[in-house]
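The lines below spell out each chain.
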Amino acid sequence: VLGLLRGAAGHGALVAPTPRNAVDRALPVDQRTPADATWRCANASADERCDTGQAAYWYSQGCAIGCPSCDSINGRKQEDLCGSGMVSTNDAARSVNLNATPGSDLDIYKHNPWRSPGDAPIVDVCGLAGGTPWPQNVSEWGNFVTTPYLRHADIPWRRGRGDAA
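An account of the accompanying structure is given in this report. From a predicted model like this one, the values you see are computed outputs, not experimental measurements.

Cut-off values and rules
Residues numbered from 1 in each chain as written. Predicted model: local features only at pLDDT ≥ 70, side-chain atom pairs only at ≥ 80, totals over all residues. Heavy atoms only, no water. Helix = DSSP H or I, 4+ residues; strand = E, 2+ residues; numbered from the N terminus. Buried < 20%, exposed > 50% of the residue type's maximum accessible area, 1.4 Å probe, protein only. Contact = heavy atoms within 4.5 Å. Areas by Shrake-Rupley, 256 points an atom, 1.4 Å probe, with all protein chains shown as cover. Polar contact = N/O pair within 3.5 Å; in protein donor to acceptor, adjacent residues only side chain to side chain. Phe/Tyr/Trp six-rings, centres within 6.5 Å; stacked < 30°, edge-to-face > 60°. Salt bridge = Lys/Arg side-chain N within 4 Å of Asp/Glu carboxyl O. Disulfide = S-S within 2.5 Å.

### Some points on the overall build of the protein chain
Item 1. Along the backbone of the protein chain there are zero helices and four strands.
Item 2. Split into buried and exposed, the 165 residues of the protein chain put 35% on the buried side.
Item 3. Long-range pairs, those at least 24 residues apart, make up 54% of the contacts in the protein chain with a sequence separation of at least 6.
Item 4. Total accessible area computed for the protein chain in this model is approximately 9,700 Å², and 53% of it derives from carbon and sulfur atoms.

Structure follows, in structure tokens:
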């Protein structure tokens, strides 16, 4: 069985194999890049294999361990967002801030989902286009460009686009 597993490479969004939420990668770069952007496309490179459209803009934010739901606002707020009192259950998952004592005030990531797998909510398994359920600019929003396929705040399968999530 282990021989059937394929490797994956990516950060923020899967790069190889091409993610299913790269639905707009066939569009010209200027049709999926913010008009005021200083870059051509945040998710494209000279290497065609790395062009994942706007796939890196699919995420949930404001999801802390012990909370019943994500608030979709506090993307980088390093605290107990809902007052649950829960802290990390997996100190072995630490990869940053290693000099801080686990659970201490200096352990700023103790409420983040990767520190306690299975104990944090998500908005959707695919995330939201732009990271928020509404199109307004809030902290840590992603400037997801509206295309013929999707718009900011969309969840593909809710719009009948099951191929995207």
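### Points about the side chain of R32
Item 1. Within the secondary structure, R32 is located in the loop between β2 (14-16) and β3 (58-59).
Item 2. According to the relative accessible area criterion, R32 is buried, its value standing at 2%.
Item 3. A distance of 3.3 Å separates a polar side-chain atom of R32 from the backbone oxygen of D24.
Item 4. Within the local environment of R32, its side chain forms a polar contact with the backbone oxygen of L27, the two atoms lying 3.0 Å apart.

### Things to note about the packing of aromatic side chains
Item 1. Overall, the coordinates contain two aromatic pairs when judged by the stated rule.
Item 2. Centroid distance W58 to F144: 5.6 Å. Interplanar angle 85°. Geometry classified as edge-to-face. Note that W58 is positioned in strand β3 and F144 in the segment after β4 (128-129), a separation of 86 residues in sequence. Pair check on accessibility: W58 and F144 agree, each one buried.
Item 3. Ring centres of Y109 and W114 lie 6.0 Å apart, and the angle between their planes is 40°; on these two criteria the pair is classed as tilted.

### Description of the pattern of salt bridges
Item 1. Within the structure shown, the criterion is met by four salt bridges.
Item 2. With its nearest N and O atoms 3.0 Å apart, the salt bridge here joins D91 to R115. Placement of the pair is D91 in the loop between β3 and β4 and R115 in the loop between β3 and β4, with a sequence separation of 24 residues.
Item 3. Judged by relative accessible area, D91 falls into the partly exposed class, the value being 39%.

### Some details on unusual backbone geometry
Item 1. Positive phi outside glycine occurs at S72, with the angle close to 60°.
Item 2. Mapped onto the elements of the fold, S72 is located in the loop between β3 and β4.
Item 3. The exposure class assigned to S72 is buried, which follows from its relative accessible area of 4%.
Item 4. Positive phi is not limited to glycine here, since N97 has a value of about 60°.
Item 5. Take N97: it is sitting in the loop between β3 and β4.

### Let's talk about the state of the cysteines
Item 1. Tallied over the full model, the rule gives two disulfides.
Item 2. Covalent S-S linkage joins C63 and C70, the inter-sulfur distance amounting to 2.0 Å. Its torsion about the S-S bond being 110°, the disulfide of C63 and C70 is classed as right-handed.
Item 3. Here C70 falls in the buried class, since its relative accessible area comes to 13%.
Item 4. One disulfide bridge connects C67 with C82, the sulfur atoms lying 2.3 Å from each other. When the S-S torsion is -100°, as for the bridge of C67 with C82, the disulfide is left-handed. Pair noted here: C67 is in the loop between β3 and β4 and C82 is in the loop between β3 and β4, with a separation of 15 residues, a long-range link.
Item 5. With relative accessibility at 8%, the residue C67 sits in the buried group.
Item 6. Shown here for the protein chain is a disulfide pattern of 1-3, 2-4, where each number marks a bonded cysteine counted in sequence order.

Coordinates in, geometry out; function isn't part of it.
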